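Here are the chains, one letter per residue:
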Amino acid sequence: VLDRWGEPEKRPALQCWQYDQKGAVLYFTGDVVTGIRLQSESKLHFLRSGLNGASSLQSYQSFFGWKQLPQLPMGPYTNVRGNSIGHGEYLFFDAHPASVMLSVFPNFS
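Residues numbered from 1 in each chain as written. Predicted model: local features only at pLDDT ≥ 70, side-chain atom pairs only at ≥ 80, totals over all residues. Heavy atoms only, no water.

## With respect to the pattern of salt bridges
Stated precisely, the cut-off is as follows: Every case where a carboxyl oxygen of Asp or Glu lies within 4 Å of a side-chain nitrogen of Lys or Arg is listed as a salt bridge. Strands are runs of DSSP state E lasting at least 2 residues, helices are runs of H or I lasting at least 4, and numbering of each runs from the N terminus.
Under the definition given, this model contains 3 salt bridges. Here K10 ties to D20 by a salt bridge, and the two come within 3.2 Å at their closest N and O atoms. Of this pair, K10 sits in strand β1 (residues 10-13) while D20 is found in the loop between β2 (16-19) and β3 (24-29), placing the two residues 10 residues apart along the sequence. Between R37 and D94 there is a salt bridge, with the nearest N and O atoms lying 3.3 Å from each other.

Quick look at the structure:
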C-alpha cells in the first residue's frame, strides 16, 4: 500500500488508514488489507463491477444479480451482515449513500 498510495493522510486507529485525497479508508488485519471503504466523492471504483462509493443500491443489485436491494442498518451500532459477492468478499452499505465498504469479513458492528 505504501509503495502504491504512499503514506495516508490520517491513521485514526491502529489498523485503519485514511486517504482523504483518494476518498478511501483501508482496514488492516496485521499487515493485510481486509477492507476498503470508498467514499461517495471518490474517483476510485471496484475493478470487476466498475461501481463506486456513489453508485446506487440498484446498480449493485443489478450487477451482482441480487433478488433484493441491499438492506441498510436500522440505526447506529447495529450489527450488519455483508452482502456476498463471491470469492470470500462482502459489500456493506452501512453508511450508504456516503460510502460503500468491501471486506473479507461477513459481519461487522
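## Section: the environment of E7
The condition that has to hold: For the exposure calls, accessible area comes from a 1.4 Å probe over protein chains only, and a residue counts as buried if that area is under 20% of its type's maximum, exposed if over 50%, partly exposed in between.
Structurally, E7 is set in the loop between α1 (2-5) and β1. Residue classification places E7 among the exposed residues on the basis of a relative accessible area of 52%.

## Brief notes about the pairing of strand β8 (residues 99-103)
Within a regular strand, the side chains alternate between the two sheet faces. Test applied: By definition, two strands form a pair when at least two bridges between them are found by DSSP.
Within β8, 5 of the 5 residues are buried, which leaves the element mostly enclosed by the surrounding structure. Residues S99, M101 and S103 of β8 are buried on one face, and the alternating residues V100 and L102, pointing to the opposite face, are buried as well. Pairing of strand β4 (residues 32-39) with β8 involves 5 bridges; the strand directions are antiparallel. From the neighbouring strand, G35 faces β8, where its bridge partner is S103. Looking at chain direction, strand β7 (residues 89-92) and β8 are connected through 3 bridges and run antiparallel. For Y90, the partnering residue across the bridge sits in β8 and is S103. Where β7 hands over to β8, the hairpin turn is made up of 6 residues, counted between the paired strands.

The quantities given are spatial measurements derived from coordinates; they are silent on function.
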